Protein chains: 6
Amino acid sequence: MNRPRPVEYADASGEVRAVFDDIKAERQIDDVNNFWKYLAGDAALLKRTWETQKAVLAPGALDRRVKEMIYLAVSATNGCSYGIACHTALARKAGMTDAMFGELMGVIGMANQTNRLADGFRLPIDEIFNE
Amino acid sequence: MNRPRPVEYADASGEVRAVFDDIKAERQIDDVNNFWKYLAGDAALLKRTWETQKAVLAPGALDRRVKEMIYLAVSATNGCSYGIACHTALARKAGMTDAMFGELMGVIGMANQTNRLADGFRLPIDEIFNE
Amino acid sequence: MNRPRPVEYADASGEVRAVFDDIKAERQIDDVNNFWKYLAGDAALLKRTWETQKAVLAPGALDRRVKEMIYLAVSATNGCSYGIACHTALARKAGMTDAMFGELMGVIGMANQTNRLADGFRLPIDEIFNE
Amino acid sequence: MNRPRPVEYADASGEVRAVFDDIKAERQIDDVNNFWKYLAGDAALLKRTWETQKAVLAPGALDRRVKEMIYLAVSATNGCSYGIACHTALARKAGMTDAMFGELMGVIGMANQTNRLADGFRLPIDEIFNE
Amino acid sequence: MNRPRPVEYADASGEVRAVFDDIKAERQIDDVNNFWKYLAGDAALLKRTWETQKAVLAPGALDRRVKEMIYLAVSATNGCSYGIACHTALARKAGMTDAMFGELMGVIGMANQTNRLADGFRLPIDEIFNE
Amino acid sequence: MNRPRPVEYADASGEVRAVFDDIKAERQIDDVNNFWKYLAGDAALLKRTWETQKAVLAPGALDRRVKEMIYLAVSATNGCSYGIACHTALARKAGMTDAMFGELMGVIGMANQTNRLADGFRLPIDEIFNE
C-alpha cells in the first residue's frame, strides 16, 4: 500500500470516533473532511492535531474570520492546495466577503513579492525595527 | 561591487526623491527604511513597488491592522527576516497587542504544520470545497 | 510543444538506454518511473542526476529506509506531490511501517510549525549551538 | 516594543515555570534555550508547543536520532537558521556522527534538487505510486 | 461559493474589459488565460497586476526570453504548477529551445540543492561577497 | 562540536585538495569560498557537488551570465543568504550590469507574487499550456 488511506467513522476505533464526534460538534457538520480521516491512521497524531487546531482557531484577541484569513495566507504562500481549498471555505463560512478575499489576495501577493526583493537586495534590518 | 548599496535622499534623483517624499508623508516618518533605499537603485522598480504597496495596504474591506498581520504571516512563512522585522513594527504601530501577536503566531505555526501534513498524506480535496 | 514529453525506452538513444538499464538493474524494476523518462529529454542531466541519486541513496552510515524517510520529509516540506508519491513508495519498499509513517508525519508537521515560530519570534541563536 | 523579548525563569509566571521545569527535566539541561523563552510570551502557545514536541520526539517506532535528523532535514529545507542550529546540536547529542551528517546533507541536497526538477518537468504521477 | 470563479469577457465590466483588451493586444492572443479571468474578480488587483507584469516583462537590459526563463525558474522553485505551465509556454513562444530548457532545469536543480546545503552547513558569507 | 567546521587546504586530504585545485583553476581564484570548505567535511559530497556544478554552469545553449542570473533567481526565491551573496558576485563577474540586476529583481518579485496569486485563486491550467 503506497498511498495513505482515509479512516471512515464506521471503521474507526473508539479513540478516533471520539475525536471525529468532537470535530462534528464543534464545526456543526455531518461528517469530518478528508484531513481528519487521513490523520486518523495515527490516532495520537489525530488527537494532538485537533486539540491544537481547536485551541488556535477559537475566538480570542482575534476573531475567527481574521484567523481563517491568516490560515489562508499561509496556505497560499506554501502553495498547499488542500489548505487553500479548506480554509477558503472556512473563511467564507466565517464571513469573508468577495471584497475581503480580493484584498487578502492583494496583500498575499505583495508580501511574497517584497519578501524576495528584501532577500535579493540583501537588506540590513533598520535599527528601529530592533527596538 | 558585489553587494547592492542603498540610495540616500541627498544622492537621489528627482524621480526617486518624489517617491521617498510620498512614503514619508503617507507613513508620517522622517526617513524611509532600507527597503526603499535599496530598491531606489532601479527607479522604475521603486516607483511600481511603492504604488502597489500603498494601494494594497490602504484600509478597505480589511483594516490596516489585519493587513499588516497577514503581511507578517506571509513573511514568517517565507522565513524573510527583513519582512518579519518590518511588518512586526508596522503591525504594532497599527495596534497589534501582545495577545494578538501570540494568537497570530499560533495560527501561523498551526497552518504551516497542517499544510505539510496535508501534502504528506496526499489528501484529495473534499467535494464540498469545490462548490 | 509546451509540455515536456517522456522518452520511452524504445525511442531512446544508446546513452539514455544505458542509464535506464542501470536504474532497472539497481532497483530491480521492469520499467523506470516517469521522473527518469522526462529527464531523458536531456541525456547529460539524466545521467548526472541518476549517478548522484544512486550514490546518495546507497546504504552507508545511514540505511536505505532512513534515507528514504528523509527524502520524504524534504518532499513534504516542499509540497512536491511527485516526490511525496515516489518516496512514500520507496520508503515502504525499504520497510517503513504504518507506525513509522505516522511518527514521520508527526515530526515533519512539528518541525514546520516550530521553524516558522522561530522565524516569527526573531530568535537569536543560543551560544551553545555555535560551539 | 517592536522585537519580541524572551521571558527568563526569574520573571516567569507559575504556568510558564512549570513548562520550563519539565523541559529541563526531560532534556537534562540547566536552562531552556531561546525558543522556549520567546514562546513564553504566550503561555498557552508555550505549553501546547512543548507538549506536542515532547510527544513527537519521544522514541517509538523511530528512535530519537532518526527523528532529530528528520527535524534537521525539514529545517534545512525551510532555510530556518534557528531550527538548523538547534536540531544539529540535538542530533549530535543523540548520536549523529560526522559520516551520518554528511550523508544526511547529501540526501537533503538531492531531494531538493529532484523535487524542483519533478515540478519543472510537470511530471504525471506513475500509477504504481497510487496503489 | 467556496471556489473562486473566472470572469469571462462577456460578463466583464468596462474596467475589466479594458485590461483584457490590452492583454490580448500586447500578447497577440484571442482570449486571455485563466490567471487574468480569475483576478478579474477584483478589478483593481487585475489592473495593478497586469500593469506591473507588462512593465516587468518588457524587453530592456534583458530580453524577453531570458525574462521568461527566470520567471520559470522562480515558478519551479515555488512548485507553482500554474506558473510553470504558463511560463514554459511563454518561454517557448519567446524562443526557448529544448537544449535551453534542459540547461535551465539543470541550473534550477543545482541551485535548489546547493541553497539547502549552504543553509544546512550554516555557512558564513565570505568577506569578498560583501564588498 | 555542534557547528560544522571548514576544511582549509593545508589540512585537507589529497582527494579534497584535488577538488580545491580544480575549482581554483576553473574559476581563476586563489582560494575556494566557504561553500567548498564546509562541504569538504564529506569528500564524496564535495566531489559530486563540484562535478555537477561545473557541468551545469559551463556555457552551452545558455551563456554563463544568464545561468548565474537564474541561479540568483532561485536563491532569492529560497531566501538563501549565502546563495544570493555568492551568485550575485558570480553574476557580476560574468557581466551582469546594474540595469540587468534591477530587471532581474523585478522579474523575481513579480513571479513570486503571481505564483501565490495563482495558487490562492486555485487556477485550473489552460488547455493550451498542456499541448
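Structure: see above.
Here's what I pulled together on the structure shown here. (Residues numbered from 1 in each chain as written. Chains lettered and ligands numbered in written order. Predicted model: local features only at pLDDT ≥ 70, side-chain atom pairs only at ≥ 80, totals over all residues. Heavy atoms only, no water.)

Across the contact, 55 residues belong to chain E and 55 residues belong to chain F. Each partner contributes to the roughly 5600 Å² buried at the junction of chain E and chain F, and carbon and sulfur atoms together form 71% of this total. For the pair chain E and chain F, the number of links is two salt bridges. Taking the shortest distance from any N to any O, the salt bridge between E103 of chain E and K67 of chain F comes out at 3.1 Å. (Contact = heavy atoms within 4.5 Å. Buried area = accessible area lost by both parts, 1.4 Å probe. Salt bridge = Lys/Arg side-chain N within 4 Å of Asp/Glu carboxyl O.)

Let's shift gears to the interface of chain B and chain A. One widely used convention gives an interface's size as the accessible area the parts lose upon coming together. Contacts between the two partners involve 55 residues from chain B, matched on the other side by 56 residues from chain A. Both faces considered, chain B and chain A share a buried interface measuring about 5600 Å² in area, 71% of it formed by carbon and sulfur atoms. For the pair chain B and chain A, the number of links is two salt bridges. Between the two partners, chain B and chain A, sit 24 residue pairs in polar contact (both at pLDDT 80 or more). When residues of the side of chain B that touches chain A are traced back to their parent elements, those giving at least two are α2 (34–39), α3 (43–57), α4 (64–78), α5 (81–93) and α6 (98–120) of chain B. (Polar contact = N/O pair within 3.5 Å; in protein donor to acceptor, adjacent residues only side chain to side chain. Helix = DSSP H or I, 4+ residues; strand = E, 2+ residues; numbered from the N terminus.)

Peptide bonds are, in most cases, trans, and in most cases residues other than glycine have a negative phi. Residues and elements named next belong to chain B. Look at R122: it is not a glycine, yet its phi comes out positive at around 55°. In this fold, R122 is placed in the segment after α6. A relative accessible area of 8% means that R122 is categorised as buried. (Buried < 20%, exposed > 50% of the residue type's maximum accessible area, 1.4 Å probe, protein only.)

Quick look at the side chain of N78 of chain E now. In this fold, N78 of chain E is placed in helix α4 (residues 64–78). Of the polar contacts made by the side chain of N78 of chain E, one reaches the side chain of N115 of chain F; its length is 2.9 Å. Excluding residues within four positions of it along the chain, N78 of chain E makes contact with R116 of chain D together with T77, N112, N115 and R116 of chain F.

Attention shifts here to the environment of N2 of chain E. With respect to the element layout, N2 of chain E can be found in the segment before α1 (14–27). Sequence-distant contacts of N2 of chain E, that is, excluding residues within four places in its chain, are made with T88, A89 and R92 of chain A together with I128, F129 and E131 of chain B. A polar side-chain atom of N2 of chain E sits 2.8 Å from the main-chain carbonyl oxygen of I128 of chain B.

Turning to the packing of aromatic side chains, a few remarks are in order. Scanning the entire structure with this criterion turns up 30 aromatic pairs over all chains. On the basis of an interplanar angle of 80° and a centroid distance of 6.1 Å, the ring pair of F129 of chain C and Y82 of chain D is categorised as edge-to-face. In this pair, F129 of chain C sits in the segment after α6 (98–120) while Y82 of chain D sits in helix α5 (residues 81–93), so the two residues belong to two different chains. An identical accessibility class is assigned to F129 of chain C and Y82 of chain D; each is buried. Feature note: the residues F35, W36 and W50 of chain A constitute an aromatic cluster, connected by ring pairs. Stacked on the ring of F101 of chain D, the Lys or Arg R92 of chain D has its end atom at 5.8 Å from the ring centre. (Phe/Tyr/Trp six-rings, centres within 6.5 Å; stacked < 30°, edge-to-face > 60°. Lys NZ or Arg CZ within 6 Å of the ring centre and 35° of its normal.)

This part is about the relation of the copies chain E and chain F. Mapping chain E onto chain F calls for a rotation angle of 180° and an axial translation of 0.0 Å; the resulting RMSD is 0.0 Å. The relationship between the two copies is best expressed as a two-fold rotation axis. Comparing interface residues between copies, 100% of those in chain E also sit at the interface in chain F, which points to an isologous, same-surface contact. (Least-squares fit on C-alpha atoms with pLDDT ≥ 70 in both.)

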